[in-house]
Amino acid sequence: QCLLILCIACAALLLARPAPAMEAVREAIRLCAQTIVPSLFPFLVCSALLTALLPTQQLNRWLSSLTMPLFRLGGSSAAVLALGFTGGYPVGVRAATALYRQGQLTKSEAERLLSFCNNSGPGFLLGVVGIGVFDSADAGLRLYAVHIAAALLVGLCFRRCCANGPSVFVHTASRN
């Protein structure tokens, strides 16, 4: 009921002051057309190609010696982690879901992996945020580094609390 009242109030404000609303729409479309689409398009194409063409077995062999001791995840999660960091949101989720459906990850492992492989890609943080918002590639690079460090910290935290026990997501949902 509160949501309905909020929607009606927003619609009334839009009708009462259409000029600022139209200007905001124009600015959003301009930002999208000039900044977001050009900076994300190459990374979307590259991430789709990486997912389709990358020999994940080779990547798993290279990185599995890190994923097991650091995150208590099997070698098959190494490629998902690398793809999530380089490809951004859709790639990490798609790859983790595929491994779960193939039986290479348990439900708990897939949930833990999704908690830290589902990140903003470098195209968004460097192109849109760094250059488009802050007008600085260095700012975008720093944000990307902090983003990756935070994701790795989440993976390390979940390594300890949820590696062999029940799913943290199911457990917290049952308490509410």
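If you're wondering where the values come from, they're calculated on a predicted model, not measured in any experiment.

Draft legend 1. Layout of the environment of A95. Mapped onto the elements, A95 comes out in helix α5 (residues 89-101). In this structure, the C-alpha to C-alpha distance between A95 and L83, residues 12 residues apart in sequence, is 7.9 Å. Once you skip the residues sitting within four places of it in the chain, A95 turns out to touch V80 and L83.

Draft legend 2. A look at the packing of helix α4 (residues 76-87) against helix α6 (residues 107-117). At a minimum axis distance of 9 Å, the contact between α4 and α6 shows a crossing angle of 25°. One way to sum up the angle between α4 and α6 is to call them roughly parallel. As α4 runs across α6, the sense of the crossing is right-handed. Residues S77, V80, L81, G84 and F85 of α4 lie in contact with α6, whose contacting residues are L113, F116 and C117. Across the contact of α4 with α6, the residue classes tally to six nonpolar, two polar and no charged.

Draft legend 3. Quick peek at α4. Compared with the 16 Å implied by 1.5 Å per residue over 12 residues, the 17 Å span of α4 between its first and last C-alpha is a close match. Most of α4 sits out of view: 11 of its 12 residues are buried. Among the residues of α4, those classed as buried are S76, S77, A78, A79, V80, L81, A82, L83, G84, F85 and G87. A positive phi of about 90° marks G88, the residue just after α4.

Draft legend 4. Spotlight on the side chain of S77. Tracing the backbone shows S77 in helix α4. Exposure remark for S77: the relative accessible area of 1% places this residue in the buried category.

Draft legend 5. Layout of the pattern of salt bridges. Under the defined criterion, the tally for this structure stands at three salt bridges. Between R26 and E23 there is a salt bridge; the shortest N-O distance is 3.5 Å. Of this pair, R26 and E23 both sit in helix α2 (residues 18-53), separated by three residues, roughly a single helical turn. Between R142 and D138 there is a salt bridge, with its nearest N and O atoms 3.0 Å apart. Highlighted residues: R142 and D138, both in helix α8 (residues 137-162), separated by four residues, approximately one helical turn. Overall, D138 belongs to the partly exposed group, its relative accessible area being 42%.

Rules used throughout
- Residues numbered from 1 in each chain as written.
- Predicted model: local features only at pLDDT ≥ 70, side-chain atom pairs only at ≥ 80, totals over all residues.
- Heavy atoms only, no water.
- Helix = DSSP H or I, 4+ residues; strand = E, 2+ residues; numbered from the N terminus.
- Contact = heavy atoms within 4.5 Å.
- Axes fitted to C-alpha atoms, helices over the stretch in contact; angles between N-to-C directions.
- Parallel < 35°, antiparallel > 145°, perpendicular 65-115°, else oblique.
- Left-handed = near helix turned anticlockwise from the far one by under 90°.
- Nonpolar A, V, L, I, M, F, W, Y, C, P; charged D, E, K, R; others polar.
- Expected span 1.5 Å × (residues − 1).
- Buried < 20%, exposed > 50% of the residue type's maximum accessible area, 1.4 Å probe, protein only.
- Salt bridge = Lys/Arg side-chain N within 4 Å of Asp/Glu carboxyl O.

The quantities given are spatial measurements derived from coordinates; they are silent on function.
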